[in-house]
Amino acid sequence: MANVPFLGLKTHSQKVCSLFKRTLRNLEAFYDRRNVYRYQAVLMRERFDKNAQVKDMRVATQLLKQGEEELFLQQHSIPRKFPLSPGGVAYERVVQSPDWVLDYWHPLEKAQYPEYFKRREERKKEFIAMWEKEYGKEEKKDQHH
Amino acid sequence: MQKFSICFISFFVLFSFSMINIFFFSYFVMNNLVYILEWELISFSSMSIVMSILLDWMSLLFMMFVSLISSVVIFYSKSYMSSELNLNRFIILVLLFVFSMILLIISPNIISILLGWDGLGLVSYCLVIYYQNIKSYNAGMLTALSNRVGDVFILMVISWMMNYGSWNYFFYLDFMVNDYMMMMISVMIIMAAMTKSAQIPFSSWLPAAMAAPTPVSALVHSSTLVTAGVYLLIRFNSLLIDMFFFKVLLLLSGLTMFMAGISANYEFDLKKIIALSTLSQLGLMMSILSMGFPDLAFFHLLTHAMFKALLFMCAGVIIHMMNDIQDIRFMGGISNFIPLTCLCLNVSNMALCGIPFLAGFYSKDLILEMVSMSNLNFFIFLLYYVSTGLTMFYSFRLTMYLMINDFNLLSVYNLYDEDYVMLKSMFTLMMMSVLSGSMLMWSIFSYPYMIYLPLNIKLMVIYVSILGAFLGYLMSNMNIYSMNKYLKSYNLSSFLCLMWFMPNLSTYGLNFYFLNYGQLMLKNIDMGWSEFYSGQGLVLILKNYTVFYSFFQMNNNFKIYLFSFVLWVCFLMMFMMIYLNSL
Amino acid sequence: MFYFMNSNKMFFIFILFFSTLISISSNSWLGCWIGLEINLLSFIPLISNSNNLLSSEASLKYFLTQSIASINFLFFILLKMIFMKNFEMNNFFSIMINSSLLMKMGSAPFHFWFPNIVEGLSWFNNFILMSWQKISPIILLSYYFNKNFLILIIMLNAIIGAIGGLNQTSLRKLMAFSSINNLSWMMSSIMISENLWIFYFLFYSMLISIMCFMFYMLNLFFINQLFFININYLIKLSLLINFLSLGGLPPFIGFFPKWIIINFFMNNNFYFITFILIMSSLILLFFYIRIIYSSFMFNYLKLKWIKIYFKNKMFILLNFISMVSILGMILSTFFFL
């Protein structure tokens, strides 16, 4: 995807939304009781809404920058993270190996689960058949190097 | 098959070992016996490397506690790690850990101590990185390298001990007290113990090590590994008393206690709070040790091992139940759902705070009274009592967060408290953390300590505890309006919250300039000047010379070769004629 | 190589050995000269082979150089006999006699014939040339030793042996330069004492015999043959380790005589020569390693149609010697602890 230049760029509204969400997460870290957090979140929403109608792009960019700065200065030292999200305690704790790893098992290892692998081979054939039905046969011209 | 799983077998073996130890402990303590077994491995230049085993009441009692806690923890991890694929590896690592701990406990010889000491470092590294994510990896590296500093100090002690011709430090404790070399050795031993017990410059690894599975934290990072340093200093104590560095240790450990107490109040990770409370208790042990009361330190070490392991196991149940969530901001009101676990949690918290007649009371109260009796300045006194208050403070805050408020995670939840494997193991330890204080008090002190204090000083512990509990209650409520307060003192809060920035200092702070400088050196010296002036430059010069030489060699003109010899001879002859004429 | 199959060659090799003994044990310079002449005349039939043009050329070249050296030697001893009393030392005469002997053994400033001739010789003759043929000139050198001159020669030998071998692709030339370098060690050892020289010489000829016989058996003459030769890996490994031993790397026995010589030099305050010798042997070690390293580490095409098998009784002896060379120093620590 490196040749698509505009994919990584965010629009202004996306940036504002991202800022709003991060601000809410930061508030969540500070106000751990739900009702208090809701109150603070509504206040924060009001601050954002106040500037929602700004049409001048220069002013809006400036406001966004100020908002980012304020958020940075108010970061909680120990942000509240969900355990499985990036930065959380259990992030990537359980490594789920991708499906193709099973194909690289040694035949002796495969032989320990005969039924599963038999069915797996069938499924693979079915999938290939389905694929070929959908998209046609693979061309054979790339056989030689 | 289910019954004879590796967990059950290990549990059974360790539990039996613990029972055997308690039997021998009673026998040894009654008859006041000490057994030393020595097995000579190698002898060279009049020094012999021996594997020694020291059995006295202290090592037997410690072994009993270690094996009891580890057996219970293994029993517990059968349920906690039930969905783990590599359970065998886990249990074997824990067993290896117990084995090296026992090696450390029973050896009066600095070389065999190193065996256990290094084993502890290695195995605890393997256990911290048991979950294979980046966080665990970083934590494990911090743990291993911090402990490695201590290993290096032990190695240096070994080389210094060679001056005495033997490594059985046990025999030199009383006779070499004022020796200069022994002083060097004891300073190094203190440094080693400070790394293992996470005292102040090295304390960042202990909260980081909480990346390990919770049973490991219960066994390794609360009750056994971190107490290895304390135990070593208890063994060396008669050597260390009246040393200047011991006063430094008193200050450092007092600060550790204080720092950990405050950081625990700012922390939100359940396991890290408990780890910081462990750190605080370690500071307490170290400081009482450095005041010259090794038996009190040992006493507190044992009781603390019991209730801290219990506390971690309760935390493990909560984490297990909450689907790996460790942040206490997600929790609340769980005493309605898991009353039995909360019972254990409260008992261990109370024991930690030193509520009368639980395990912690006997050791902690005695320690604080001895502190009040001793000849100390006001600063140290303040550190002790403020830290005691802080213990109450964070314990109450934790209790408030966990139990009082509403459940704070999701609107749909199903919390259960019916994992009897975990509950059984927790109740074993709960019994112990209720009973062990008085039990040990009666058995290990041959004569009681005499305490004679004014009433207010005696009640000081209770004052600070009540104050701390009240503050803890307020703090947990105060947090509701906290953002502005937090931001007002943002720098100070971050400073206290992040353990006085020690994790940063001991990772980036240590390696940043060195790595930077190393990169500079690599670029300019290794791959720059020294390459030109030694390796590549030499090859270049030699290549030029050899090409120049080949010019003579390769043209194969035999006539010229022979003629050059003749020319040389003529040259010599000419000189000789001049010489002969001059005769 | 197997001269015992050929009665003529056996005869000449016998004469070769005894002529050396004549030369080193005679008590007049003339006797020495006679020994050298017999030595020369018995070595030439060993070299020359009517089927091989190169070896005939080499024998001719050898004859020419040696005879010029002999003529000069004779001339100078006669001159010395005329001008000097019997045991008188003179700087010029000693330089003259020494330089003709240096020419005979192929030492540094007069060494140009040496790599040339070596190129035309079989490996066994090479071995003789590099080991046995050195004996009589060096011993004779020790009889009339100009120290200041020879110290210069030693340094020159060391440097030229190191630099000359650096870009050789022919193994025989390479061994020739290595022998020039080792000549500097030998001359410095004989500067200390004759026993030390014997010690060094024995070790050196043992190491060089391993190399020469190994190359003979594998029929190796150039470095690139080593790359695609199809032999057992272990033989390659033993070749490597013997090279390291020859270069004088510490755990192997090649280091031992060098060590002893360095020790004596330190005792006699010859620091500068020691420095030069050590540095030059470093370069020597470098090109030894370069030879064998590339044959070891890199993947080359291996020739399938040349498969070398050893069905040779000699190989057992060779194995034994190379075991001594590899493990000798390590094993000796067990005996003389």
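Scoring rules and cut-offs
Residues numbered from 1 in each chain as written. Chains lettered and ligands numbered in written order. Predicted model: local features only at pLDDT ≥ 70, side-chain atom pairs only at ≥ 80, totals over all residues. UniProt positions renumbered as here; feature names shortened; annotations may be inferred. Helix = DSSP H or I, 4+ residues; strand = E, 2+ residues; numbered from the N terminus. Rg over C-alpha atoms; globule rule 2.2 N^0.38 Å. Buried ≥ 20, exposed ≤ 12 C-beta atoms within 10 Å, placed from the backbone. Contact = placed C-beta atoms within 7 Å. Nonpolar A, V, L, I, M, F, W, Y, C, P; charged D, E, K, R; others polar. Domains from an automatic or database assignment. Pairing = 2+ DSSP bridges. Expected span 1.5 Å × (residues − 1). Axes fitted to C-alpha atoms, helices over the stretch in contact; angles between N-to-C directions. Parallel < 35°, antiparallel > 145°, perpendicular 65-115°, else oblique. pLDDT = per-residue confidence, 0-100. Core = buried A, V, L, I, M, F, W, Y, C linked by C-beta atoms within 7 Å.

In the nomenclature of an unreviewed UniProt entry, chain C is known as NADH-ubiquinone oxidoreductase chain 2 of Chilo suppressalis. Listed under Subcellular location (unreviewed entry) in UniProt, the entry text for chain C is "Mitochondrion inner membrane". UniProt, in the comment section headed Sequence similarities (unreviewed entry), describes chain C in these words: "Belongs to the complex I subunit 2 family."

By the naming in an unreviewed UniProt entry, chain B is NADH-ubiquinone oxidoreductase chain 5, taken from Chilo suppressalis. Quoted straight from UniProt, the Catalytic activity (unreviewed entry) entry for chain B says "a ubiquinone + NADH + 5 H(+)(in) = a ubiquinol + NAD(+) + 4 H(+)(out)". Recorded under Sequence similarities (unreviewed entry), the UniProt text for chain B is reproduced unchanged: "Belongs to the complex I subunit 5 family."

As for the overall build of chain C
Regarding its fold elements, chain C presents 15 helices and zero strands. In summary, chain C has a C-alpha radius of gyration of 20 Å against a globular reference of 20 Å for 337 residues, a match within 12%. With the C-alpha coordinates aligned to their principal axes, the bounding extent of chain C is approximately 65 × 50 × 35 Å. Within chain C, the fraction of its 337 residues that count as buried is 46%.

Some remarks on the overall build of chain B
Tallying secondary structure elements over chain B gives 23 helices and two strands in all. A compact globule built from 583 residues would reach a C-alpha radius of gyration of about 25 Å, whereas chain B, at 31 Å, exceeds it by more than 25%. For chain B, the C-alpha atoms occupy an extent of roughly 120 × 60 × 60 Å along the three principal directions. With 583 residues in all, chain B has 49% of them scored as buried. Looking at chain B alone, contacts between residues at least 24 apart form 81% of all its contacts between residues at least 6 apart.

Observations concerning the UniProt feature "domain: NADH-Ubiquinone oxidoreductase (complex I) chain 5 N-terminal" (unreviewed entry) in chain B
Mapped onto the present numbering, the UniProt feature "domain: NADH-Ubiquinone oxidoreductase (complex I) chain 5 N-terminal" (unreviewed entry) falls at residues 42–90 of chain B. Secondary structure across residues 42–90 of chain B divides into 57% helix and 24% strand, with the first and last C-alpha atoms of the span separated by 34 Å.

Some remarks on the interface of chain C and chain B
In this assembly, 20 residues from chain C lie in contact with 17 residues from chain B. Secondary structure elements with two or more residues in the side of chain C that touches chain B: α3 (53–83), α4 (91–105), α5 (113–118) and α8 (147–164) of chain C. For the side of chain C that touches chain B, the residue count by class is 13 nonpolar, six polar and one charged.

What about the interface of chain A and chain B?
Listed per partner, the contact involves 17 residues of chain A and 24 residues of chain B. For the side of chain A that touches chain B, a count of residues per class yields nine nonpolar, two polar and six charged.

A few points about the domain arrangement of chain B
When cut into domains, chain B gives domain 1 (139–489) and domain 2 (527–582). Taking the mean C-alpha position of each, domain 1 of chain B and domain 2 of chain B sit 78 Å from one another.

Section: the pairing of strand β1 (residues 35–44) of chain B
All names here are of chain B. Sparse coverage of β1 is indicated by the burial of zero of its ten residues. Relative to strand β2 (residues 47–55), β1 runs antiparallel, the two being bridged by nine bridges. From the neighbouring strand, Ser43 faces β2, where its bridge partner is Ser48. Taken together, β1 and the strand that follows it, β2, pair antiparallel across an intervening segment of two residues, in which Ser45 is found at a positive phi of about 45°.

Describing the UniProt feature "transmembrane region" (unreviewed entry) in chain C
According to UniProt, the positions carrying the feature "transmembrane region" (unreviewed entry) are residues 62–83, 95–114, 149–167, 198–222, 234–257, 269–293 and 314–336 of chain C. As a span, residues 198–222 of chain C carries 84% helix and 0% strand, and end to end its C-alpha atoms are 31 Å apart.

Observations concerning helix α12 (residues 233–247) of chain C
All names here are of chain C. The first and last C-alpha atoms of α12 sit 21 Å apart over 15 residues, in line with the 21 Å expected at 1.5 Å per residue. Turning to α12, its buried residues are Leu239, Asn242, Phe243, Leu244, Ser245, Leu246 and Gly247. Downstream of α12 by a residue or two, Gly248 has a phi angle that is positive, lying close to 90°.

A closer look at the environment of B:Gly254
Residues and elements named next belong to chain B. Along the chain, Gly254 turns up in helix α11 (residues 244–266). Taking the number of C-beta atoms within 10 Å as the measure of exposure, Gly254 has 26 and is therefore buried. Between the alpha carbons of Gly254 and Val50 there is a distance of 37 Å; along the sequence they are 204 residues apart.

Considering the arrangement of the chains
Looking across the two pairs of chains in contact, one finds the most contacts between chains A and B. Structurally, chain A and chain C remain out of contact, their C-alpha atoms never closer than 22 Å.

Section: the packing of helix α2 (residues 57–80) of chain B against helix α13 (residues 294–321) of chain B
In helix packing, the relevant descriptors are the interaxial angle and the interaxial distance, both defined with respect to the helix axes. Residue and element names in this part refer to chain B. One can describe the packing of α2 onto α13 by two numbers: an axis separation of 11 Å at closest approach and a directional angle of 5°. Taken together, the axis directions place α2 and α13 in an arrangement best described as roughly parallel. Contacts from Met58, Leu61, Phe65, Ile69, Val73, Tyr76 and Tyr80 of α2 reach α13 at Phe298, Leu302, Ala305, Ala309, Met313, Gly316 and His320. Residues that form the contact of α2 with α13 fall into these classes: twelve nonpolar, two polar and no charged.

As for α8(C)
Here α8(C) contains 18 residues, and its C-alpha end-to-end distance of 25 Å stays within 8% of the 26 Å for a straight helix at 1.5 Å per residue. Among all positions of α8(C), only C:Leu150, C:Ile153, C:Ile154, C:Asn157, C:Ala158, C:Ile159, C:Ile160, C:Gly161, C:Ala162, C:Ile163 and C:Gly164 are buried.

Considering the confidence of the model for chain C
Summarising the model, chain C shows a mean pLDDT of 87, and 93% of its residues fall at 70 or more. Of all the helices and strands in chain C, helix α15 (residues 314–335) of chain C carries the lowest mean pLDDT, 79, while helix α9 (residues 171–192) of chain C carries the highest, 93.

Section: unusual backbone geometry
Negative phi characterises most residues that are not glycine, and trans characterises most peptide bonds. Residue and element names in this part refer to chain B. Of note in this structure, Phe357 is not a glycine but carries a positive phi near 70°. When you line up the elements, Phe357 lands in the loop between α14 (339–353) and α15 (359–373). Unusually for a residue other than glycine, Met499 sits at a positive phi of about 55°. By the element assignment, Met499 lies in the loop between α21 (490–497) and α22 (502–554).

Side note on the environment of A:Ile78
By the element assignment, A:Ile78 lies in the loop between α3 (57–73) and α4 (107–110). Separated by 49 residues in sequence, A:Ile78 and A:Ala29 place their C-alpha atoms 7.8 Å apart. Other than its neighbours up to four places away in sequence, A:Ile78 contacts B:Glu267, B:Phe268 and B:Cys497.

Some thoughts on the packing of helix α1 (residues 7–25) of chain C against helix α7 (residues 132–143) of chain C
All names here are of chain C. Packing of α1 against α7 leaves a shortest axis separation of 9 Å and a crossing angle of 10°. One finds that α1 runs roughly parallel with respect to α7. Counting all contacts with α1, which are made through Thr20, Ser23 and Ile24, the residues of α7 involved are Trp132, Ile135, Ser136, Ile139 and Leu140. Here the residues of the contact of α1 with α7 sort into five nonpolar, three polar and no charged.

Regarding the nonpolar core
Among the nonpolar cores identified, the biggest contains 182 residues, and B:Val230, B:Ala297, B:Ala309, B:Leu310, B:Met313 and B:Cys314 are the most heavily contacted of them. Per element, the largest residue contribution to this core is 20 residues, and it comes from α13(B). Counting residues in each nonpolar core, the second largest holds 101 residues, with C:Ile47, C:Ala69, C:Phe201 and C:Ile261 among its members.

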